[in-house]
Amino acid sequence: MRLNCKVSGNYGARISFRSAGVTALEREGGAPAAGNAGQLIASISQANGKIAEAELQIIQIDQDLRSEVSKDMSEVGPKLSELLEKKPQWKTSSCI
């Protein structure tokens, strides 16, 4: 009996048995193999769930960072404008 497991895009999995037929599977102990396949599918599903959680956390961190940068930029903008207005005064004043 041969167990073929293919993992495709989007972290999906497809498991198929390649043999002469169900009776051959039963003779060779197909029930335990089918159980192992079920465990593999469950493990893959669990891993997919963890991957999805990690992707959501990445999205949340990205959104938080964008929000923080936007807030910082809104605070820095007026300060920068104020400094740029004062810049000509720096050139004309003498500090010698």
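Since the model is a prediction, treat every value here as computed from it, not as a measurement.

J.: Give me the overall build of the protein: which residues, what numbers.
T.: For the protein, the helix and strand inventory stands at two helices and two strands. By residue count, 8% of the 96 residues in the protein fall in the buried class. Element-wise, carbon and sulfur atoms account for 57% of the exposed surface of the protein, whose accessible area totals about 8,200 Å².

J.: If you had to explain the pattern of salt bridges to someone new, which residues and values would you point to?
T.: All told, the structure shown has two salt bridges when counted by the stated rule. A salt bridge links glutamate 82 to lysine 86; the nearest nitrogen and oxygen atoms lie 3.4 Å apart. With a gap of four residues between them, glutamate 82 and lysine 86 both fall in helix α2 (residues 30-92), about one helical turn apart. For glutamate 82, a relative accessible area of 43% corresponds to the partly exposed category. We classify lysine 86 as partly exposed; its relative accessible area is 36%.

J.: Quick rundown of a nonpolar patch on the surface? Include the residues and the values.
T.: A grouping of Leu65, Val69 and Met73 is seen on the molecular surface, where their side chains present a nonpolar patch of about 290 Å² in accessible area. Here leucine 65 lies in helix α2.

J.: Account for a negative patch on the surface, with residues named and values stated.
T.: Residues Asp64, Glu68, Asp72 and Glu75 make up a contiguous surface patch of negative charge. Relative to the assigned elements, aspartate 64 resides in helix α2.

J.: Which residues make up the confidence of the model for the protein, and what values go with them?
T.: The predicted model of the protein averages 75 in pLDDT, with 56% of residues at 70 or higher. In the model of the protein, strand β2 (residues 12-18) stands out as the element of lowest mean pLDDT, 48, in contrast to α2, which has the highest, 87.

Cut-offs used in this document
Residues numbered from 1 in each chain as written. Predicted model: local features only at pLDDT ≥ 70, side-chain atom pairs only at ≥ 80, totals over all residues. Heavy atoms only, no water. Helix = DSSP H or I, 4+ residues; strand = E, 2+ residues; numbered from the N terminus. Buried < 20%, exposed > 50% of the residue type's maximum accessible area, 1.4 Å probe, protein only. Areas by Shrake-Rupley, 256 points an atom, 1.4 Å probe, with all protein chains shown as cover. Salt bridge = Lys/Arg side-chain N within 4 Å of Asp/Glu carboxyl O. Patch = residues over 30% accessible without salt bridge, like charges linked within 9 Å, V, L, I, M, F, W, Y side chains within 5 Å. Lys, Arg positive; Asp, Glu negative; His and termini not counted. Charge placed at Lys NZ, Arg CZ, Asp CG, Glu CD. pLDDT = per-residue confidence, 0-100.

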